[in-house]
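Examination of the molecular architecture
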Amino acid sequence: MKKMLASLLLFGIACSAPKAAPGRRDALHIDPPSATLQVNRVQAFKIIGLAPLPGTLFTWRADRGSVTAQGVYTAPSTPGSDRVRATYTTSTQETFTATIKVVH
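In short, a report on the structure. (Residues numbered from 1 in each chain as written. Predicted model: local features only at pLDDT ≥ 70, side-chain atom pairs only at ≥ 80, totals over all residues. Heavy atoms only, no water.)

Quick word on the overall build of the chain
When you go through the chain residue by residue, the secondary structure sums to one helix and 10 strands. Counted from the first residue to the last, the chain has its helices and strands arranged as α-β-β-β-β-β-β-β-β-β-β. In the chain, which comprises 104 residues, the proportion classed as buried is 26%. A separation threshold of at least 6 residues defines the contact pool for the chain, and within that pool the share at least 24 residues apart is 49%. (Helix = DSSP H or I, 4+ residues; strand = E, 2+ residues; numbered from the N terminus. Buried < 20%, exposed > 50% of the residue type's maximum accessible area, 1.4 Å probe, protein only. Contact = heavy atoms within 4.5 Å.)

Okay, structure coming up:
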């Protein structure tokens, strides 16, 4: 009985643990997470935590279009799907992805 009560108490403590605070690395996300753009149009992406983080903290890549070191994306000249990825340049190498639909 004592073991069961101790287990229930520990379970209750674990379930009530606070969630990640805003602005912590585990609360980061790419903004916007998706976009629809006409061919050759530009969209700026950023990584948001408590506040926007400098784009230079990330390595930016696009599958089909192009993206600058600051996260400014240019859609390709043909319609289709694309992805923009920002990889955190710290030791975590965490990657954030946005999806793009390119249209005429």
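Moving on, there is more to tell.
Thoughts on unusual backbone geometry
Geometrically, the link from Asp-31 to Pro-32 is a cis peptide bond, its omega value of -5 degrees lying close to zero. Within the fold, Pro-32 resides in the loop between β1 (29-31) and β2 (34-38). Residues other than glycine seldom take positive phi values, yet Asn-40 does so here, at roughly 65 degrees. By secondary structure assignment, the location of Asn-40 is in the loop between β2 and β3 (42-44).

A word on the sheet that holds strand β5 (residues 52-53)
Spatially, β1-β4-β5 is the arrangement adopted by the three strands of the open sheet, whose pairing is antiparallel. Only two strands of the sheet have a single neighbouring strand rather than two, namely β1 and β5. Of the strand pairs in this sheet, β1 and strand β4 (residues 46-48) are connected by three bridges, and their pairing is antiparallel. The partner of His-29 across the bridge, within β4, is Ile-48. (Pairing = 2+ DSSP bridges.)

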